[in-house]
Amino acid sequence: MEYRGRVSNRPELTLAQRKRRLVSDELTEAALQLLALKGFDAVTIDEIVTEAGVSKRTFFRYFASKEDVVVQFLADMGTGIRAELAARPAGEPPSVALLRAVWVPLGECADHGDRALRVVRLILRTPALLARFLERQAQWRDDLAQEVAQRQGLDSEADFYPWMAAGMALNAFDAVLHRWSAGDGAESPEGLLDRAFAVIAPALDAPTGDRLDLLRDRRR
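All values reported here derive from a predicted model rather than from experimental measurement.

## Quick notes on the overall build of the protein
Of the regular secondary structure elements, the protein holds nine helices and zero strands. Element order for the protein, N to C, with α for helix and β for strand: α-α-α-α-α-α-α-α-α. When the 220 residues of the protein are sorted by exposure, 44% land in the buried category. For the protein, the exposed surface amounts to about 11,700 Å²; the carbon and sulfur share of it is 52%.

Laid out in structure tokens, this is it:
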């Protein structure tokens, strides 16, 4: 099973890079499934390499620790989100572009059902992994904000909109993961994401002047 986000503009890889990617994917797959099934503290690196069919030395060429496997998985998720946003049509409404971008990792979860649900629970319910997840999300927000600013022709340092838009999109993503994992997967990630974005879409798509007028009216 491949957990990585589908990136629409990934560059061509050399043969050596493809081989490294294949080994990395196999290790990630074995590690995530074992960790999700047995719990983070219960799994050893020896078990992971046995499951993946590689040596311990090979494992340490790719990852420094069990935690590093999950951290790299999260980094790949963020890369997929930003790459998808960059690939969306220029005239697409911000809410649609951000929804499609955030859907990249959630679509992978939907494709893999119960197995992906176990991995999501592992991350959300293991304090050390949850802390790294939140740390990664902060980096995703920075990256997405820069991408939003470029798409909207705004200054990412001076304008609030790019940071707020990126934050809202990632809050929606986070809320969907929590709701999906808490509900035993009864609701699809796609349906949950649509519901979450229905809440934030008006703010994402409203012209700046309209947003300011609304706030001023509320202060009166």
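## Looking at the packing of aromatic side chains
What the rule picks out here adds up to four aromatic pairs. On the basis of an interplanar angle of 90° and a centroid distance of 5.3 Å, the ring pair of Phe 59 and Phe 60 is categorised as edge-to-face. The class of Phe 59 is buried, set by a relative accessible area of 0%. Residue class for Phe 60 comes out partly exposed when judged on its relative accessible area of 43%. Taken together, a centroid distance of 5.8 Å and an interplanar angle of 65° make the contact between Trp 140 and Phe 173 edge-to-face. Of this pair, Trp 140 sits in helix 6 (residues 127-152) while Phe 173 sits in helix 7 (residues 161-182), and the two are 33 residues apart along the sequence.

## As for helix 1 (residues 15-38)
The terminal C-alpha atoms of helix 1 lie 35 Å apart, and with 24 residues this matches the ideal 34 Å at 1.5 Å per residue to within 8%. Listed as buried for helix 1 are Ser 24, Asp 25, Leu 27, Thr 28, Glu 29, Ala 30, Ala 31, Leu 32, Gln 33, Leu 34, Leu 35 and Ala 36. The inward-facing, buried residues of helix 1 abut helix 2 (45-52), helix 3 (56-62), helix 4 (66-87) and helix 5 (94-125).

## Overview of the confidence of the model for the protein
With 87% of its residues at a pLDDT of 70 or more, the protein has an overall mean of 84. Within the protein, helix 8 (residues 189-205) carries the highest mean pLDDT (94), whereas helix 9 (residues 208-219) carries the lowest (52). Confidence drops under a pLDDT of 50 for residues 1-10, and excluding neighbours within four residues, the segment shows 36 contacts in the predicted structure.

## Overview of the pattern of salt bridges
In this structure the tally under the stated criterion is 11 salt bridges. The closest approach of N and O atoms between Glu 47 and Lys 38, which form a salt bridge, is 2.4 Å. Since its relative accessible area comes to 26%, Glu 47 is described here as partly exposed. Lys 38 gets classed as partly exposed once you look at its relative accessible area, which sits at 43%. With a shortest N-O distance of 2.5 Å, Glu 67 and Arg 132 are connected by a salt bridge. In this pair, Glu 67 is assigned in helix 4 and Arg 132 in helix 6, connecting sequence segments 65 residues apart. Via salt bridges that share partners, Glu 67, Arg 132 and Glu 135 belong to a single interconnected network.

## Thoughts on the side chain of Ser 95
Checked against the element boundaries, Ser 95 lands in helix 5. Relative accessible area serves as the criterion here: at 9%, Ser 95 is assigned to the buried category. Of note is the side chain of Ser 95, whose polar atom sits 2.6 Å from the side chain of Asp 205.

## Observations concerning the environment of Val 71
Residue placement: Val 71 occurs in helix 4. Placed 52 residues apart in sequence, Val 71 and Ile 123 show a C-alpha to C-alpha distance of 10.0 Å. Discounting chain neighbours no more than four positions away, the residues touching Val 71 are Arg 132 and Arg 136.

## Observations regarding the environment of Ser 55
Secondary-structure assignment places Ser 55 in the loop between helix 2 and helix 3. The sequence separation of Ser 55 and Ile 45 amounts to 10 residues, and the corresponding C-alpha distance is 10.0 Å. Only 2.9 Å separates the side chain of Ser 55 from the side chain of Thr 58, close enough to count as a polar contact.

The rules behind the values
Residues numbered from 1 in each chain as written. Predicted model: local features only at pLDDT ≥ 70, side-chain atom pairs only at ≥ 80, totals over all residues. Heavy atoms only, no water. Helix = DSSP H or I, 4+ residues; strand = E, 2+ residues; numbered from the N terminus. Buried < 20%, exposed > 50% of the residue type's maximum accessible area, 1.4 Å probe, protein only. Areas by Shrake-Rupley, 256 points an atom, 1.4 Å probe, with all protein chains shown as cover. Phe/Tyr/Trp six-rings, centres within 6.5 Å; stacked < 30°, edge-to-face > 60°. Expected span 1.5 Å × (residues − 1). Contact = heavy atoms within 4.5 Å. pLDDT = per-residue confidence, 0-100. Salt bridge = Lys/Arg side-chain N within 4 Å of Asp/Glu carboxyl O. Polar contact = N/O pair within 3.5 Å; in protein donor to acceptor, adjacent residues only side chain to side chain.

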